[in-house]
Amino acid sequence: MSRNSKFSNPHAIALIERYQPIWAVSKAMELSGWDLETFMPPKGSFARGNMTGQLTALIQKMYSDPHLLDLLDRLQESQDLTPYEKGLARVMRRETKVYTKVPAKLMQELSELTTRASLNWRTAREKNNYEIFKSDLGKIIELTRDMADHLGYEVHPYNALLDLHEEGFTVQDADEVFGELRDPLKVILEKAATERDSPLALETYDQGSMKMAEIELLTKLGYDFTRFREDTSAHPFTVGISIGDVRITTRRKGYDFKDTLFSVLHEGGHALYELQIDPELEFTPLSGGASMGIHESQSRFMENMIGRSREFARGSFEILSKYLPFLRNYSEEEIYSYFNHVKPGLIRVEADEVSYNFHIMIRYEVEKQLIGGQAQVSDLPELWSELYKKYLGVRPNNFSDGVLQDIHWSGGSFGYFPSYTIGNVVAAQIRYHAMRDIPDMYAKVSDLDIAELKQWLKEKVHVWGATYTPKELMMRSFGEGYQPKYLINYLREKYL
Ligand code: MG
């Protein structure tokens, strides 16, 4: 690792040296995870599972290294740290927290349980049988509550879990954000919802042509394919190996092309964050996003605020219609309304940008009650149905489209869902501030020119990596915390 101007405290420098093998193993694991989802032949899964288990154990061992923890203590006790050194200490403390506070036996138990539970969840979903998954889920919740006790929290055990994904975000914050969104979004949803699907959703396309359209669009938007690539996987995701190697994936179903288009823009937003982090932070724990929610704000901004705009429908037409010739039979207005079709439904990942936040609100309510002990796993299907009826006016008639639809709980992931809504809230905030600083932002989107916008995002958000907590970053760059009013205003303006 080359020395740089960001770190001069000797403990910080020594800590970064100690971190190098952790960095290497973590990135090797991410790369192996990417390979598993993209190119690995199916029979490679057994060996890959073993490999992941070994590498995970190695990382745990390295994070529990007494020398590393000692350096971390000394760094935190040091005076006059730069913001980068403070950030380094803060992020390292967070990274080591799980290994130092939660007994290894509990982590091991949880890991074995979630491996089994993921398989049972898959079977339960395929067979539409909640009973197959129910007892595993109950145990996962029990162990997760134990984990929260070890991690420590104030007021509500769910706070310990929220903090794992969104540093400093609490039940009180979440109640405020969702409380502010609830009624205004309900009004917007009622007025904007239309029953009829666009005929564009039924137009079929050639998958190779679609891929060419994506590459041409990404190139036009300034993605540099010497540091970036796009591949295919069942579930779209982004992985940042280094500043010179950021990868996204997408999927193509052969019809309803907006599904692919918006997943590419979404992951492209995540990728842009990783590509624009300060190169001097590379090989340190600061070379990543500030939080799940802030990362998600970048993807939602690209997907919704840019991609679902009228200007983007106009600007992308030439490239898209070259590869998807059926588009020539539709007007710009028809394409725009296809991009923005609002219809409350049962499935989160298919939701439009208005109803999406209700899917998250429901999961937040449910998780809070399960972790807090106000609801039991046996109450879950009924609780789920009632909340769907209340917020979205629909009721699942099977488990697979209800409580069994998401993979998160089977993997022991509680406290993650709210970061999706934080992403939407912050994306709208960013839109407001970006439009103030770049008044012709949308005019330029109609030429697919986002160069100035990318530079702005870099300066406000990306370049800092994880140097600041999400709340500090928001205050620093925008002078305010999470403010749902911008999302409400944006959706009102667009749909009413
Ligand atoms: Mg995302």
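You'll find the structure just up there.
Residues numbered from 1 in each chain as written. Predicted model: local features only at pLDDT ≥ 70, side-chain atom pairs only at ≥ 80, totals over all residues. Heavy atoms only, no water.

Closest axis-to-axis distance for the helix α8 (residues 171-192)/helix α15 (residues 356-372) pair is 10 Å, and the angle between their directions is 145 degrees. Between α8 and α15 lies a crossing whose hand is left-handed. On α15, the residues that touch Val-171, Ala-174, Asp-175, Phe-178, Leu-181, Arg-182, Leu-185, Lys-186 and Leu-189 of α8 are Asn-357, Phe-358, Ile-360, Met-361, Tyr-364 and Lys-368. Within the contact of α8 with α15, the residues separate by chemical class into 10 nonpolar, one polar and four charged. (Axes fitted to C-alpha atoms, helices over the stretch in contact; angles between N-to-C directions. Helix = DSSP H or I, 4+ residues; strand = E, 2+ residues; numbered from the N terminus. Left-handed = near helix turned anticlockwise from the far one by under 90°. Contact = heavy atoms within 4.5 Å. Nonpolar A, V, L, I, M, F, W, Y, C, P; charged D, E, K, R; others polar.)

A separate point is a negative patch on the surface. A cluster of acidic residues, Glu-109, Glu-112, Glu-142, Asp-146 and Asp-149, forms a negative patch on the protein surface. With three residues, helix α6 (residues 131-151) is the largest single contributor of residues to the negative patch. Along the chain, Asp-149 turns up in helix α6. A residue is classified by how much of its surface remains accessible, and Asp-149, at 46% relative accessible area, is partly exposed. (Patch = residues over 30% accessible without salt bridge, like charges linked within 9 Å, V, L, I, M, F, W, Y side chains within 5 Å. Areas by Shrake-Rupley, 256 points an atom, 1.4 Å probe, with all protein chains shown as cover. Salt bridge = Lys/Arg side-chain N within 4 Å of Asp/Glu carboxyl O. Lys, Arg positive; Asp, Glu negative; His and termini not counted. Charge placed at Lys NZ, Arg CZ, Asp CG, Glu CD. Buried < 20%, exposed > 50% of the residue type's maximum accessible area, 1.4 Å probe, protein only.)

Around the magnesium ion, the protein contributes the donor atoms His-266 (NE2), His-270 (NE2) and Glu-296 (OE), at 2.3 Å from the metal centre. If you list the donors of the magnesium ion from N- to C-terminus, the spacing comes out as H-x3-H-x25-E. Placement of His-270 in helix α10 (residues 258-275) and of Glu-296 in helix α11 (residues 292-306) is noted, with a sequence separation of 26 residues between them. Each member of the pair, His-270 together with Glu-296, is buried. (Donors = N, O, S within 2.8 Å, 3.2 Å for Na, K, Ca; no water.)

Further remarks concern the pairing of strand β2 (residues 238-242). In the sheet, β2 pairs with strand β3 (residues 245-250) via four bridges, with the strands oriented antiparallel. By the bridge assignment, Ser-242 is partnered in β3 with Asp-245. Two successive antiparallel strands, β2 and β3, enclose a turn made up of two residues. (Pairing = 2+ DSSP bridges.)

The subject of this paragraph is the side chain of Glu-214. Within the element layout of this structure, Glu-214 appears in helix α9 (residues 207-220). Excluding anything up to four places from it in sequence, Glu-214 contacts Glu-230, Thr-250, Arg-252, Thr-260 and Val-264.

To continue, consider the layout of surface pockets. Size it by volume and the second largest pocket reaches roughly 340 Å³. Thr-194, Ser-337, Tyr-338, Asn-340 and His-341 are, among the 17 residues lining the second largest pocket, the residues nearest its centre. Only α8, α14 (332-339) and α21 (485-495) provide two or more residues apiece to the lining of the second largest pocket. With five residues, the top contributor of residues to the lining of the second largest pocket is α14. (1 Å grid on protein atoms, 1.4 Å probe; cavity = no way out; pocket = protein on both sides within 12 Å on 5 of 7 lines; lining within 4 Å. Points joined across faces, edges and corners; volume = space filled by probe spheres on them.)

For the structure on display, the rule yields three cavities of 30 Å³ or more. The volume enclosed by the largest cavity comes to roughly 90 Å³. Contributing to the lining of the largest cavity are Trp-23, Lys-27, Gly-240, Ile-241, Ser-242, Ile-243, Val-246, Glu-274, Ile-277, Glu-282, Phe-283 and Ser-287. For the lining of the largest cavity, the elements supplying multiple residues, two or more each, are α1 (10-38) and β2. Element by element, the count of residues in the lining of the largest cavity is highest for β2, at three residues.

Spatial strand order, β1-β3-β2: three strands in an open sheet with mixed pairing. Of all the strands in the sheet, the pair left with one neighbour each is β1 (228-232) and β2. Strand-to-strand, the axes of this sheet are offset by a mean angle of 20 degrees, without reference to chain direction. Relative to β1, α9 is tilted by about 160 degrees, and along the sheet it contacts β1 and β3.

Per the counting criterion, the structure on display carries 37 salt bridges. With a shortest N-O distance of 2.8 Å, Arg-48 and Asp-35 are connected by a salt bridge. With Arg-48 in helix α2 (residues 45-63) and Asp-35 in helix α1, the pair connects residues that are 13 residues apart, well separated along the chain. The exposure class of Asp-35 is partly exposed, given its relative accessible area of 21%. Glu-493 is paired through a salt bridge with Arg-431; the nearest N and O atoms lie 3.7 Å apart. Of this pair, Glu-493 sits in helix α21 while Arg-431 sits in helix α17 (residues 418-437), placing them 62 residues apart in sequence. Assessed through its relative accessible area of 56%, Glu-493 is described here as exposed. A network of salt bridges, in which partner residues are shared, links Arg-90, Arg-94, Lys-97, Asp-163 and Glu-167.

The tally for this structure, following the rule as stated, stands at 25 aromatic pairs. Here the aromatic rings of Phe-169 and Tyr-482 are separated by 5.5 Å at their centres, their planes lie at 85 degrees, and the arrangement is edge-to-face. Separated by 313 residues along the polypeptide, Phe-169 in the loop between α7 (157-165) and α8 and Tyr-482 in the loop between α20 (470-478) and α21 bring together distant segments of the chain. Here Phe-169 and Tyr-482 have matching classes, each one buried. For the pair Phe-257 and Tyr-338, a centre-to-centre distance of 5.3 Å together with 45 degrees between the ring planes defines the contact as tilted. Here the residue Phe-257 occupies a position in the loop between β3 and α10, and Tyr-338 occupies one in helix α14, the gap between them amounting to 81 residues. (Phe/Tyr/Trp six-rings, centres within 6.5 Å; stacked < 30°, edge-to-face > 60°.)

To characterise two packed helices, one gives the angle between the axes of the helices and the distance between these axes. The geometry of α17 relative to α21 is characterised by a closest axis approach of 8 Å and an angle of 75 degrees between their N-to-C directions. As the angle between them shows, α17 and α21 are arranged roughly perpendicular. For the pair formed by α17 and α21, the contact residues are Asn-424, Val-425, Ala-428, Gln-429, Arg-431, Tyr-432 and His-433 on the first element and Tyr-486, Leu-487, Tyr-490 and Glu-493 on the second. (Parallel < 35°, antiparallel > 145°, perpendicular 65-115°, else oblique.)

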